[in-house]
Structure formats: C-alpha cells, structure tokens
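In case you want the letters, here they are:
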Amino acid sequence: MELHRLVAGVHQFQNNVFANQRKFFERLAKTQSPPGLFITCADSRVNPNLITQTQPGELFILRNIGNIVPPFTPHTADGAAAAAIEYAVTNLNVEFVIVCGHSHCGAVQGLLNMDGLAHMPSVRGWLANAESARRIVQENYKDLGEDEKLNVAIQENVLCQLEHLRTHPSVAVRMSRGDLQIYGWVYKLETGEVFGFSPEAGQFVSLRERAPESTTTTVGHGVDLKSRWRRCEMVVG
C-alpha cells in the first residue's frame, strides 16, 4: 500500500465519516469509558474493532508482538504494557480484559524456533515472556506435527499470558473483589471464527456455538487442556 492511499483514506474519513458523525466524535473528545481492555497481537491481519464490531470508545486496546503480557515485577522491563493494563483497570475501571491470540501467528512461530531469531534480538528478548508456552509445547506435545504444535502453542500462549495478567497488582485487586473478569480468545484468520477458553470443557470453544462440552468446536485438533487449566476462573465471554 502506497502512502498516498493512506492520505486519501484520511480525506475520506474527514469528509464522509467524521462530517456525518461530528456530534459522536465531539462527545468522544470529552471523555472515554470503555467497558473492556482488549490485548491482542500487532499482526496487521487482526483488527479488534472489526472482529468485535465495536465503535471508537468501546475498547481500550493494547497491541504488541504475540499478544504478550509480561509478568509484573517492580522493575517490569516493558513499562508500556504494564502501564496500559494499570491505566485501563485502575483509571478507566474496565469490567473485563480479553487476551486474544490468532491463527498463523508469526510471533508464536518464532517462539517455537528461537534460533531463527538471532538476527532480531529485540524480538527474541520480547518472546522470552512466552517461554512457559514454548516449554509446555516442546516437552508435552513432542509427537505433534509442526502445524499442530503451532495451534497448541497459540492456545497455550494465551493461557500463559492470562496467568501473567493475574500477577499485576491492579488486576489482582479487582479480581479479588469479583468486579473484573478475564477471558482468553483465539481468532481464526481463515474462517473468521473466534474461540474462547472454557474451563468447564478444558478447551477453546466456538463463541458462535456456545455448545455443551460434548459437542464443542475447538481450535486446531482440540488439545485437552482440562487437567492443567481447570483451576482457572475464566468463562467463555
């Protein structure tokens, strides 16, 4: 895409969209009160507002390579992610947080082949925040093919990032009061489907179907995560 197409898009927005919804945007300029924080990958194929059909002001969005939430420490290396989470949970008082991965994720592919990232030390260092997911897949799913390992790693990465999310004090406080919910989703690029983790099923299940455990649709080959993740207090959003 050439730059002039982006500039033309800006003109179209100003002349058509903004001009026809001026009062809406003027209200947005005064304040924001999104009900949720949406954490997802920086991948250009993932558009949170398109997937959820939400308008400006309805989602506070945090994007980075691999939809990663670094675990909280007093000296958290990535201040940007920690600050965004803290601001959304403490100041905006969001009601829920969604961590959303996606199929064919290049970051997770890199996670499974760290040697191939020697020429991208910043990316390699960032993906260290997903080391738990990498180890789980490499040690527990050795017999799977490469495509299946990628599908499992995408799911495991979302679950590991949810565990990291719980380490942030602002999240822990709100969850202890029962007024903040966290959810794990996976968006499938090739079908448009979205799957949410269900602790009852021990699987990522289709949000479209919301089917009983016996008939749930799962991402990839449907690895059973029940024994490891049943303790998570998450429900399909």
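Every value quoted in this text rests on a predicted model; they were computed, and no experiment measured them.

Examining the overall build of the protein chain
In step 1: For the protein chain, the count of helices and strands is ten helices and six strands.
In step 2: A total of 237 residues make up the protein chain; the buried ones form 42% of that total.
In step 3: Expressed as a percentage of contacts within the protein chain between residues at least 6 apart in sequence, the contacts between residues at least 24 apart total 63%.
In step 4: By element, 51% of the accessible surface of the protein chain is carried by carbon and sulfur atoms, the whole surface being about 12800 Å².

Overview of the sheet that holds strand β4 (residues 181-187)
In step 1: Across the sheet, which stays open at both edges, the six strands sit in the order β2-β1-β3-β4-β5-β6 with mixed pairing between neighbours. Only two strands of the sheet have a single neighbouring strand rather than two, namely β2 (59-64) and β6 (203-206). Strand-to-strand twist in this sheet, taken as the mean axis angle between neighbours without regard to direction, amounts to 30°.
In step 2: The sheet contact formed by strand β3 (residues 96-102) and β4 spans seven bridges and is parallel.

Overview of the confidence of the model for the protein chain
In step 1: Across the protein chain, pLDDT averages 88, with 86% of residues at or above 70.
In step 2: Low pLDDT, under 50, characterises residues 211-237; the stretch is placed with 73 contacts to residues that sit more than four places away or in other chains.

What to know about helix α7 (residues 131-140)
In step 1: Here α7 has its buried residues at Ala133, Ile136 and Val137. Around the axis of α7, the buried residues are gathered within 90° of arc, so they sit on the same side.

Remarks on the environment of Leu111
In step 1: You can see Leu111 is positioned in helix α5 (residues 106-111).
In step 2: Residue class for Leu111 comes out buried when judged on its relative accessible area of 1%.
In step 3: Each C-alpha atom of the pair Leu111 and Arg134 lies 6.4 Å from the other, and the pair is 23 residues apart in sequence.
In step 4: What Leu111 contacts, discounting residues up to four positions off in sequence, is Leu127, Ala130, Ala133 and Arg134.

What about helix α4 (residues 79-91)?
Every α-helix carries 3.6 residues per turn, so stepping three or four residues along brings you back to the same face.
In step 1: Its 13 residues place the ends of α4 17 Å apart at the C-alpha level, agreeing with the 18 Å of an ideal helix rising 1.5 Å per residue.
In step 2: The set of residues buried in α4 consists of Ala81, Ala82, Ala84, Ile85, Ala88 and Val89. All buried residues of α4 lie within an arc of 160° about the axis, which places them on one face of the element. Exposed side chains of α4 directed beyond 90 degrees from the buried face belong to Ala80, Thr90 and Asn91.
In step 3: Looking at the buried residues of α4, the elements they touch are β1 (36-41), β2, β3, α8 (146-166) and α9 (169-177).

Calculation rules
- Residues numbered from 1 in each chain as written.
- Predicted model: local features only at pLDDT ≥ 70, side-chain atom pairs only at ≥ 80, totals over all residues.
- Heavy atoms only, no water.
- Helix = DSSP H or I, 4+ residues; strand = E, 2+ residues; numbered from the N terminus.
- Buried < 20%, exposed > 50% of the residue type's maximum accessible area, 1.4 Å probe, protein only.
- Contact = heavy atoms within 4.5 Å.
- Areas by Shrake-Rupley, 256 points an atom, 1.4 Å probe, with all protein chains shown as cover.
- Pairing = 2+ DSSP bridges.
- Axes fitted to C-alpha atoms, helices over the stretch in contact; angles between N-to-C directions.
- pLDDT = per-residue confidence, 0-100.
- Arc of directions from axis to C-beta.
- Expected span 1.5 Å × (residues − 1).

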